[in-house]
Amino acid sequence: MSRRSDLQRVLLVLLLFCCVNISIVSSTGVGNLMGVSDSSKSKFVESAKGAVERPYFDDVGPRNVTAVVGQSTTLHCRVKRPGDRTVSWMRKRDLHILTSSIHTYTGDARFSVRHPEHSDDWDLRIEYVQKRDAGVYECQVNTEPKINMAVMLNVEDAQATISGPSEVFVKKGSTISLTCSVNVHSTPPSSVLWYHGPAVVDFDSPRGGISLETEKTEAGTTSKLLITKALLSDSGNYTCVPSNASPASSIVHVLNGEHPAAMQTSTASPKRQVLVMVIVSVLVLTEIR
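The structure reproduced in this document is the subject of the present report. (Residues numbered from 1 in each chain as written. Predicted model: local features only at pLDDT ≥ 70, side-chain atom pairs only at ≥ 80, totals over all residues. Heavy atoms only, no water.)

## Some words on the overall build of the protein chain
Inference 1: Assigned secondary structure in the protein chain consists of four helices and 20 strands.
Inference 2: Across the 289 residues of the protein chain, 32% fall into the buried class.
Inference 3: Within the protein chain, contacts between residues separated by at least 24 positions form 61% of all contacts whose residues are at least 6 apart in sequence.
Inference 4: For the protein chain, the exposed area adds up to about 17,200 Å²; of that, 57% sits on carbon and sulfur atoms. (Helix = DSSP H or I, 4+ residues; strand = E, 2+ residues; numbered from the N terminus. Buried < 20%, exposed > 50% of the residue type's maximum accessible area, 1.4 Å probe, protein only. Contact = heavy atoms within 4.5 Å. Areas by Shrake-Rupley, 256 points an atom, 1.4 Å probe, with all protein chains shown as cover.)

Listed below in structure tokens is the structure:
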């Protein structure tokens, strides 16, 4: 939008330039045009140059950012052709200027501006994000009139989630597999503990067959609990407890094998499973009749 306005402004300046020259030609003659209009030409050229070089935002970053409590986040702002203008960041809820140029104007040391030398980037960095930091932030350039770009920051709690349904049904002798994901990216949890009821899962217990697979990537942390040759005593509540996030739980039912239709091997809902069982029962009764 700003580049289209620049083009319109340049065209207007050129149109005025042509009108002035036509006026001079009609009043003083062609012979006088070159000598009389030099200063006018210079002024119009400077005006056109200023319009062409007007700053604008280069949209390279998201306008809607989600951060996790306790982690760090960056709000991106790229300003093309800033010239000698000043780029600032303002918090919209209280109109507080956080940074101006490379300087910080807040007593909250968690805020800073990232501006690599000779770059167009003026990114706002927030360390140890808190719930209260949620809201709109504006990147501003002190042109006349001023231009600004708003970025919405959403803040959510660090939370673990166990994939799949909240209740899992497995057959005795099969493998129990529970995968826990943690939405913390920049600082992964130092540890992820698993509990069976009130007790920590013991991977060295005489029972054997219990293992843990943990993977830490840029997308977050996943911890997979595997229990082979499931026993009836393996039934119960399993809880994933990361060191820096809220826990998540899932209930496991180990069945003796007499009700195979109750096995939950997919993400199908319990209501759908009951419906399937009813349909199968009707078909069986129809065959008997």
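## Thoughts on the sheet that holds strand β19 (residues 236-242)
Inference 1: Taken in spatial order, the five strands make up an open sheet running β13-β20-β19-β15-β16, and their pairing is mixed. The sheet terminates laterally at β13 (167-171) and β16 (199-200), the two strands that pair on one side only.
Inference 2: Sheet topology note: the β13/strand β20 (residues 248-255) ladder contains five bridges and is parallel. Of the residues in β20, the one forming a bridge with Glu167 is Ile251. (Pairing = 2+ DSSP bridges.)

## With respect to the pattern of salt bridges
Inference 1: One pass over the structure, following the stated rule, counts ten salt bridges.
Inference 2: We note a salt bridge from Asp120 to Lys80, for which the minimum N-O separation is 3.0 Å. You can see Asp120 sitting in the loop between β8 (111-114) and β9 (123-126) and its partner Lys80 sitting in strand β4 (residues 79-80), a full 40 residues away along the chain.
Inference 3: The exposure class assigned to Asp120 is partly exposed, which follows from its relative accessible area of 24%.
Inference 4: Note on Lys80: relative accessible area 24%, which makes it partly exposed.
Inference 5: As a salt-bridge pair, Glu138 and Lys92 come within 3.4 Å of each other at their nearest N and O atoms. Residue Glu138 is found in strand β10 (residues 135-141), and its partner Lys92 is found in the loop between β5 (87-91) and β6 (96-100); the two are separated by 46 residues along the sequence. (Salt bridge = Lys/Arg side-chain N within 4 Å of Asp/Glu carboxyl O.)

## Here's the deal with the state of the cysteines
Inference 1: The full count for this structure, using the stated rule, is two disulfides.
Inference 2: With a sulfur-sulfur separation of 2.0 Å, Cys77 is cross-linked through a disulfide to Cys139. Residues Cys77 and Cys139 are joined through a disulfide that is left-handed, its torsion about the S-S bond being -70 degrees. Taken together, the positions of Cys77 in the loop between β3 (73-75) and β4 and Cys139 in strand β10 put the pair 62 residues apart, joining distant regions of the chain. Of the two residues, Cys77 and Cys139, both sit in the buried class.
Inference 3: Through a disulfide, Cys180 is tied to Cys240; the S-S separation comes to 2.0 Å. Between Cys180 and Cys240 the sulfur-sulfur dihedral comes to about -70 degrees; the bridge is accordingly left-handed. With a gap of 60 residues between them, Cys180 in strand β14 (residues 176-182) and Cys240 in strand β19 connect regions that are remote in the sequence. (Disulfide = S-S within 2.5 Å.)

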